[in-house]
Amino acid sequence: MSSHASPAHAPISPAQIDAALMRLPYDQWIVMPAAAAHVQELGLPRESLTTVIRTGRRRGVLRTKKEPDLHLFYVMRVAETPYRGAVASA
């Protein structure tokens, strides 16, 4: 009976993750609060940002960096699709 437990949220679908990834600016570093705002604009809870970032990094779509002196974390989308290599060449 811990009061520190966070409320359970519905799982995020792959389509929602894809949409959130594509909502982030391409080839431009933004601070995490700005990334969270993009996620919220899609109607997803702010807490889903962690899932979006982890998934994007695993797919090779996002890069992250931190500036410990300023206590800032940044994210940048480095792929034009939600999956690296998703578009086959003709």
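For the structure itself, consult the block above.
These numbers were taken from a predicted model, which means no experiment stands behind them.

A. Expanded view of the packing of aromatic side chains. As enumerated under the stated definition, the model contains zero aromatic pairs in all. Residue placement shows Arg59 over the ring face of Tyr83; its charged tip is 3.8 Å from the ring centre. Over the ring of Tyr74 we find Lys65, and its NZ or CZ is 5.2 Å from the ring centre.

B. Highlighting the pairing of strand S3 (residues 72–77). Examined bridge by bridge, strand S1 (residues 30–31) and S3 share two bridges and lie antiparallel to one another. Counterpart to Val31 in the pairing with S3 is Tyr74. One ladder, built from six bridges, connects strand S2 (residues 62–67) with S3; its direction is antiparallel. Residue pairing across strands places Lys66 opposite Phe73, the latter belonging to S3. Joining the antiparallel neighbours S2 and S3 is a turn of four residues, in which His71 adopts a positive phi near 60 degrees.

C. Inspection of the pattern of salt bridges at higher detail. Applying the stated rule across the entire model yields two salt bridges. A salt bridge links Asp18 to Arg59, with the shortest nitrogen-to-oxygen separation between them at 2.7 Å. Here Asp18, found in helix H1 (residues 14–23), pairs with Arg59, found in helix H3 (residues 49–59); they are 41 residues apart in sequence, far enough to count as distant. Of the charged contacts, one joins Arg23 and Glu41 as a salt bridge, the two residues approaching to 2.6 Å between their closest N and O atoms. Taken together, the residues span a long stretch of sequence, with Arg23 in helix H1 and Glu41 in helix H2 (residues 32–41) at a distance of 18 residues.

D. The arrangement of H2 in detail. Those residues of H2 lying buried are Met32, Ala35, Ala36 and Val39. For H2, the angular spread of buried residues about the axis comes to 100 degrees, placing them on one side. Elements that come into contact with the buried residues of H2 comprise H1, S1, H3, S2 and S3. Positive backbone phi, approximately 85 degrees, marks Gly43, located one or two places after H2.

E. Representation of the nonpolar core within the structure. One finds Ala35, Leu49, Ile53, Leu62 and Val75 to be the most contacted residues of the largest nonpolar core, which totals 18 residues. When residues of this core are traced back to their parent elements, those giving at least two are H1, H2 and H3. Sort the elements by how many residues they give to this core and H2 lands first, with four residues.

Quick notes on the rules
Residues numbered from 1 in each chain as written. Predicted model: local features only at pLDDT ≥ 70, side-chain atom pairs only at ≥ 80, totals over all residues. Heavy atoms only, no water. Phe/Tyr/Trp six-rings, centres within 6.5 Å; stacked < 30°, edge-to-face > 60°. Lys NZ or Arg CZ within 6 Å of the ring centre and 35° of its normal. Pairing = 2+ DSSP bridges. Helix = DSSP H or I, 4+ residues; strand = E, 2+ residues; numbered from the N terminus. Salt bridge = Lys/Arg side-chain N within 4 Å of Asp/Glu carboxyl O. Buried < 20%, exposed > 50% of the residue type's maximum accessible area, 1.4 Å probe, protein only. Arc of directions from axis to C-beta. Contact = heavy atoms within 4.5 Å. Core = buried A, V, L, I, M, F, W, Y, C linked by side-chain atoms within 4.5 Å.

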